[in-house]
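Below are the chains, spelled out letter by letter.
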Amino acid sequence: MNTSTRMNTPMGKSKLGTAARRGVTLAAVSAAGLALSATTANAAVPTATSTSTWDALAQCESGGNWSTNTGNGFSGGLQFTDSTWAAHGGTGSAANATREQQIAVAENVQASQGWGAWPACAASLGLSGGGGAPAPSVPVTPAPAEVPVQAAQAPVQAASAAVAPAQAEPRHAAQVPLSGETYTVEAGDTLSTIAEKLDITGGWQTLADANTDTIVDPDLVLAGQVLQLPA
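Here the structure is a predicted model, which is why all the values come from computation and not from measurement.

Cut-offs applied
Residues numbered from 1 in each chain as written. Predicted model: local features only at pLDDT ≥ 70, side-chain atom pairs only at ≥ 80, totals over all residues. Heavy atoms only, no water. Helix = DSSP H or I, 4+ residues; strand = E, 2+ residues; numbered from the N terminus. Buried < 20%, exposed > 50% of the residue type's maximum accessible area, 1.4 Å probe, protein only. Contact = heavy atoms within 4.5 Å. Salt bridge = Lys/Arg side-chain N within 4 Å of Asp/Glu carboxyl O. Disulfide = S-S within 2.5 Å.

So, the overall build of the protein
- Looking only at helices and strands, the protein features 9 helices and 2 strands.
- For the protein, the α and β elements follow one another from N to C terminus as α-α-α-α-α-α-α-β-α-α-β.
- Within the protein, buried positions represent 31% of all 231 residues.
- For the protein, restricting intrachain contacts to residue pairs at least 6 apart in sequence, the fraction spanning at least 24 positions comes to 59%.

Topic: the side chain of Thr206
- Looking at the secondary structure, you find Thr206 in helix 9 (residues 203–209).
- If we ignore the near neighbours within four places in the chain, the residues touching Thr206 are Val176, Thr201 and Pro230.

Some points on the pattern of salt bridges
- Inspection of every chain in the model, using the stated rule, returns 3 salt bridges.
- With a shortest N-O distance of 3.3 Å, Arg99 and Glu100 are connected by a salt bridge.
- Residue Lys197 is joined to Asp189 by a salt bridge in which the shortest nitrogen-to-oxygen separation is 3.6 Å.

Description of the state of the cysteines
- Per the counting criterion, the structure on display carries 1 disulfide.
- Cys60 shares a disulfide with Cys121; S-S distance 2.0 Å. When the S-S torsion is -80°, as for the bridge of Cys60 with Cys121, the disulfide is left-handed. Of this pair, Cys60 sits in helix 3 (residues 51–62) while Cys121 sits in helix 6 (residues 119–124), placing them 61 residues apart in sequence.

This is how it looks when you write it as structure tokens:
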């Protein structure tokens, strides 16, 4: 009996069917393995925050002014403290860095501290979570024209540990008489700029003391807040 004749017998057909099923099973297992590998690989790659989100956060923090430095201890569009800026890869001053360099450092801050590093503005934009990653030890490369002479000597110890979000020191507010007039905070305002604009005696401290029910942190005022003006 030749080979072609045996292939047409019930036994031959059974063997062919078994081989075909095995081939389909192996193909299905291989496809599942590839899908699992692709899913795992995708899960291992963190998704970077879109630049539009950072722009919105900067708009809330500083009115979108990436080079602001009002002298209140916070600078740049995303209002970094000097210690947080240095510990997360920044060199020089945040106010002198480009928007892209500030966003790169902010990505590091968000990875180690979460959105709580910008508590009020992150909450108003519905941002939450993140944090837990160590602060980077490699500084973000600044633009050549803006490299300070000592930029290459970034503190190693400061970069070795995450810096907790800056917290305002407790204030003992003095009793301040009110004039009955109010001021609505605009984008980009700080207590210092408002006090200077309105020529308030006693400066931002007096303005803060007059609004203890509204202002929790003198370094953070939000657009739309209504402030009582001292007499």
